[in-house]
Every structure is written in structure tokens, then in C-alpha cells.
Amino acid sequence: MKNIASGGFWATFFTFCVILAAFVSFLHPIFNPDLFWHLTSAREAQALGQLLLSEEIFSFTRKGAYWVNYEWLFQTIVLKVFDWGDFRALVYLQGFLLAGALILLDRYVFVTILRGRSGIWGMLARVANVALAGIFLSARGSLQPELFSFIFLILFFFLRDSWSRRPRALDVWHIVLTLALFGSWANIHGGFVFAIGLTGLEIIALGIERSRAPDQAFMRRARIAVALCFMAFIGTLANPYGIGLYRVILAHAKDASIISGVIEEWKPSQLYDPGTWIFWGVFILTLALLVYQARRNRRLNVFDILVVTAFGMFASGHVRNVGLFGVVCLPVFWRHLMSPLGSDFKKVVVILTIAGLLVASGYLGVLAATSGGRIYHMKGIPKDYVAGGNFPAFALNFIEREPRLLKLKALVDWGWAGFAEWRLYRKGLRVYFDGRYLFHDLLHELQHAAAEPKEWGRIVKASGVEMLLIHYTDEYKPVNVVEGGAQIMRNWHGVAIDPEQWALIWWDENALLFVDREKVDAPWLAAREYKIPIPYDPYLVEYYVKEGVLKPEAILKEVSRNAQEAGWNRRNKALFAIALRWAQHFLIQE
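None of the values given here were measured: they were computed from a predicted structure. (Residues numbered from 1 in each chain as written. Predicted model: local features only at pLDDT ≥ 70, side-chain atom pairs only at ≥ 80, totals over all residues. Heavy atoms only, no water.)

Considerations on the overall build of the protein chain
At step 1: Check the secondary structure of the protein chain and you find 24 helices and 7 strands.
At step 2: Projecting the C-alpha coordinates of the protein chain onto the three principal axes gives extents of approximately 90 × 55 × 50 Å.
At step 3: In the protein chain, which comprises 590 residues, the share counted as buried stands at 53%.
At step 4: Pairs at least 24 residues apart make up 73% of the contacts formed inside the protein chain by residues separated by at least 6 positions.
At step 5: Accessible surface, the protein chain as shown: approximately 27300 Å² in total, 61% of it carbon and sulfur.
At step 6: Taking the average location of the 60 positive side-chain charges in the protein chain and that of its 49 negative ones, the two points are 11 Å from each other. (Helix = DSSP H or I, 4+ residues; strand = E, 2+ residues; numbered from the N terminus. Buried < 20%, exposed > 50% of the residue type's maximum accessible area, 1.4 Å probe, protein only. Contact = heavy atoms within 4.5 Å. Areas by Shrake-Rupley, 256 points an atom, 1.4 Å probe, with all protein chains shown as cover. Lys, Arg positive; Asp, Glu negative; His and termini not counted. Charge placed at Lys NZ, Arg CZ, Asp CG, Glu CD.)

Below is the structure:
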């Protein structure tokens, strides 16, 4: 123990081990659905000889619409990496970006807060910081523009601190660095608004604390904060859309309530979700430290309180912001934890820090073992390392084999549309919407109508949709099969999708594919239609079996056919077993 406490070597070694484990844990399959429309946009811009696309071309609902494509630089980067090494290279890029953010955050905390402190306490703090940051960043662990924002945000911390040490508010070198940082950032991701927001919070805090600060010191800090904020804003205007970029960011903020009802990462951070416990623990403990320090020093640190409260609210409101909270608030946490504390309080904090280190390191270890074990069994990362269960690959293969389907107007589920564009846009497929802000109103319309399945079906029909590629749903409601008769549980799809209009032509473990009967030839449809809705409305099928309308043998035949076409999977195996029990039951009765 004495050797460990004698210097920084062991702290650096253990920190490196944690970062390495985190890097391995980040090498998981690509699962971010938005990545695919980013890739498609860059690919088609390249094919057209353009730097970026600013006109919508992938949908039949918004074709020709003006698109503020401010993340074009991210799209260009990921396409170049993909062209160089397929999805395998993108997985490595994902890991390097997240590990790079950990390295920068470690450097920032070690240099500016721990100030190179060695000893057992310094080592614990440094390793715990990286382990906790790894957990926070794992919440955003798939390749997306936000990973660049984490890196830019930490670079901004270094730049901000460097500004504060300058004798003058305006310094040419710092102005150039600020313009370069925010100019690059504004063409990759909108996360720069958080850096500008942090500077704005600093200005507010300075205004509140002005009465307690000497005039000269206050004016210097205020000039620096205002100059930094202004130069950052000017830097963000170096994008193809100028101030129009901010209108899109405001639209995203306005539509957050719409998106949160559909997309998991936009939903609130719930206390019952174990994945958010680290966030809640750090959030509450940081607030407790701030209150304790305020009472002990008889001075309120307004800026840190504003920062932790604001970013804590962001993270509690949307789970996607948990990673952002970690990057912004961990330095605040360590700054106050390393300040002088009362002996009793310090004991509690030390115990909690060690516990957090053990929990975070253990969790990272499990993630690294899972990811590393998967890669080991595959003997390396494959070129098409995409989370297949997250996307309808088999259904799209079927569509690709049937050219007439590529001409139909397709409603593809929100999280799948980008993948469908990546696969089949060049073959002629056009979608109803995808994950871009251009379609938030359409998403809201369908989301609102989903409360009444038949209304959803009416809107879809009125919108000119000719093909449906959708998820399964576990939503059931009691419905009368015949008026005045007994009620049975009907699946939402069974009520929303009118069998008189829509024919099921493909189903597999995670996708259902319907086609409008009027848009395809009757002989072609007769050879491909699944006439029994057992994949998505099983209780209705059970009712028909009990009433003698359907024979179990017919169900077994259709499920067996599906196994031949889509392969055996958990869904058709389970349905085959159910139909087999029905057949055996009726055989015994006979």
C-alpha cells in the first residue's frame, strides 16, 4: 500500500485499465437508428457531387422540402470511415470517441481539480472519476454526433479556464481557438448550445454574486465571460445555414414532448431504472456537497449550483442527457469533494466514493466482459457488425427480392426508416418519415391517433401509404368480436389494420409487413399472403379455433411456411407450439 500511495504511477496504471475496459465495452454492434439516415445522406450527396444535402429526397410526404442539414460534417466523417472499413471501422470509431472523451475528462479533472495529487485518496478519486464517467457515457454508447459533443465540451472546459487566466478579455489566440472550436462543433452536432449555456449561467452567477466581489475582479471575469460567449456564438454561425441553425435547435426543444412519447432515449430518467441509479446518486451527492460547503464557508457557489441543477433537470427529464450530465457535473463533484470537509462528513463521502468506484468498475467490467466475449467468439469484429435484432433486415431482404414492392409508398416505423433508406433508397423505396426533425408533425399525428387504433388506420390510408413495415406491439384491449357477444383481448395491430385493405405478406421475429391489396396483382398476392393473423392477433385466432372457424392444421401449415421463408425463430417456434397444442386438444376431443 505504501508503494501505491507513494506516487502517481499506480493511479495512472489503474486509470488506464479502467479506460481500456470502457473502450472494450464500447465495441458493441451499431444500434443507433439515426446513423443510417446520416450515412444515406452523405452517400447521396457524394453521388450528386454535393458537399451536403439541403433538400429532402427520401420520403414521399416531404419530397423537395428545405432541410437544415447542420450535422453534415458528421455524416461526411462516418461515410469516409465506412468506405474505408465498413461497419467494423465505425464500431472502432465509436470506441475511440468515447474513450477519447474519458481520457480528456481524466486529464481535465487530474490537472485542474486534483492538481496532480498523488497518494491513496488522489488515486481513488482519479480512478473513480473515470469509472463513473464510463458509466455515464455508456448511456450514449452508440455512434452518433453527440459523441463528438462530449469531446468538444471537455475541450471547451480547457479553453474556458485558459480564457480566465488571461490578463485581458480579448486575446487574438483565444479568439481564433474559440471560433475554430465552435465553428467545427456547429457542423457536427447542436451540443454547442450547452457550452454557450454554461457561459450564460456563469454570467448570471456573476450578476448574483456582484455585491460580494471586488468591482475590478468582477468586471474582469464578466468581460471574459461575455467575450467568450459572444465569440462562441459567432463561431457557430460558420455553418451553411447561419442563424437558421438555431431555429432548428429551438424546434427540437419545442418538440421534445412529442419525441419523448415515442423514443426511449427521450423519456424521463426513472428511479426504478437501475441504469440511472449512478446518475441519481451523483446528482444528489453533488447537491449535498454544495449545500454543505455553503453552510461551512457561509458562501453560496451560485454558478456550480446553477450548473448542477440545470443539467440535473436535463438528465432527469430525458435519459439521453445522462451522459451530458456526467461530463459537465463530474468536475463540479470532484472540485467540492476535494475541498476541505468536516471529519464526519468526509468519512461518509469517502465511503460513498469507494462504493461508487466499486459499483462503477464492476458494471464496466461486466459490460467489457460481455462485449469482449462476443468479439472473441466471433474471432474479431465482423464487417457488418450491426445489432440485427434492432432492424428489419429480413423484411427488407424480402422487399428487395420483390421489385414491385419497391415502387410502393412505405410507412416504416420511426426507428427503422433510416435503415430502410440505407438499404433500399437507391432501389426506389420512399418512406413516410424517418428520424429527422422534418417529420415531427407526422410523428405527433400518428402518436396522437394511436390512442384510437381505427383513427390511426384512417390517417394512414388518407396519407397515401401503400405498404406497412412495423414492429410488434404488446398493447391489448378487450373488444367485442361480434356486437353484443363476448369480449376477447385484441392486439392493437388487429384493431388498427383492416384486413379488408391490408394483407400480411411477411413476418419474422421482429417485423410485420403489410401491403395494400389494391396496389398489387391478385395472383401475386394469393401466392404470398398469410391469411391467418396469428403473429399479431393471437387471441382472435384462438377464438376462431374454439368456434370451429379455423382448423389448427391450417395454422400449423402457415407457421411452417413462415419458418421456411424467414427461418425458425423464437416467435414462430412459440406459435407453432401453441398451434400444435390446439391440434392435439381437438384430436383428443374427437
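A short note on the pairing of strand E3 (residues 467-470)
At step 1: Burial along E3 is two-sided: Met-467 and Leu-469 facing one way and Leu-468 and Ile-470 facing the other are all buried.
At step 2: Note: strand E1 (residues 409-412) against E3, 3 bridges, orientation parallel. Bridge assignment links Val-412 to a residue of E3, and that residue is Leu-469.
At step 3: Strand direction decides the pairing type here: E3 and strand E7 (residues 512-516), joined by 4 bridges, are antiparallel. Looking at the pairing, Leu-469 lines up with Leu-513 of E7. (Pairing = 2+ DSSP bridges.)

A closer look at the nonpolar core
At step 1: Residues Leu-90, Leu-143, Leu-153, Phe-156, Trp-334, Trp-456 and Leu-468 are the most contacted members of the largest nonpolar core, which totals 197 residues.
At step 2: Counting residues per element, this core draws most heavily on helix H4 (residues 72-113), which supplies 21 residues.
At step 3: Dropping the residues within four chain positions of it, Leu-468 is found in contact with Leu-411, Trp-456, Val-460, Ile-497, Trp-502, Leu-512, Leu-513 and Phe-514. (Core = buried A, V, L, I, M, F, W, Y, C linked by side-chain atoms within 4.5 Å.)

Let's talk about the confidence of the model for the protein chain
At step 1: A residue-level look at the protein chain finds 92% of positions with pLDDT of 70 or above and a mean pLDDT of 87.
At step 2: No element of the protein chain has a lower mean pLDDT than helix H1 (residues 2-5), at 42, and none a higher one than E7, at 97.
At step 3: Across residues 1-7, confidence stays below pLDDT 50; counting only partners more than four residues off in sequence or on other chains, it has 9 contacts. (pLDDT = per-residue confidence, 0-100.)

Comments concerning the layout of surface pockets
One way to see where empty space is left: roll a probe the size of a water molecule over the atoms.
At step 1: Roughly 930 Å³ of internal volume is contained in the second largest pocket.
At step 2: For the second largest pocket, the lining is made up of 32 residues, of which Tyr-108, Arg-160, Asp-161, Phe-303 and Arg-335 are closest to its centre.
At step 3: For the lining of the second largest pocket, the per-class residue count stands at 16 nonpolar, 4 polar and 12 charged. (1 Å grid on protein atoms, 1.4 Å probe; cavity = no way out; pocket = protein on both sides within 12 Å on 5 of 7 lines; lining within 4 Å. Points joined across faces, edges and corners; volume = space filled by probe spheres on them. Nonpolar A, V, L, I, M, F, W, Y, C, P; charged D, E, K, R; others polar.)

Notes on helix H3 (residues 34-47)
At step 1: In this model, H3 (14 residues) spans 20 Å end to end at C-alpha, consistent with the 20 Å of a helix rising 1.5 Å per residue.
At step 2: Within H3, 11 of the 14 residues are buried, which leaves the element mostly enclosed by the surrounding structure.
At step 3: Those residues of H3 that fall on the buried side of the exposure criterion are Leu-35, Phe-36, Trp-37, His-38, Leu-39, Thr-40, Ser-41, Ala-42, Arg-43, Glu-44 and Ala-45.
At step 4: Considering only its buried residues, H3 is in contact with H4 and helix H17 (417-424).
At step 5: Looking one or two places after H3, you find Gly-49, whose phi comes out positive at around 75 degrees. (Expected span 1.5 Å × (residues − 1).)

Side note on the pattern of salt bridges
At step 1: Here the structure, examined in full by the defined rule, presents 21 salt bridges.
At step 2: Ionic pairing is found between Arg-528 and Glu-402, a salt bridge with its closest N-O pair at 3.1 Å. Note that Arg-528 is positioned in helix H21 (residues 522-528) and Glu-402 in the loop between helix H16 (393-401) and E1, a separation of 126 residues in sequence.
At step 3: With relative accessibility at 23%, the residue Arg-528 sits in the partly exposed group.
At step 4: Measuring nitrogen to oxygen at the nearest pair gives 2.7 Å for the salt bridge that ties Glu-509 to Arg-570. Separated by 61 residues along the polypeptide, Glu-509 in the loop between strand E6 (502-507) and E7 and Arg-570 in helix H24 (residues 570-589) bring together distant segments of the chain.
At step 5: Among the charged side chains, a network of salt bridges with common partners joins Arg-43, Glu-44 and Arg-426. (Salt bridge = Lys/Arg side-chain N within 4 Å of Asp/Glu carboxyl O.)

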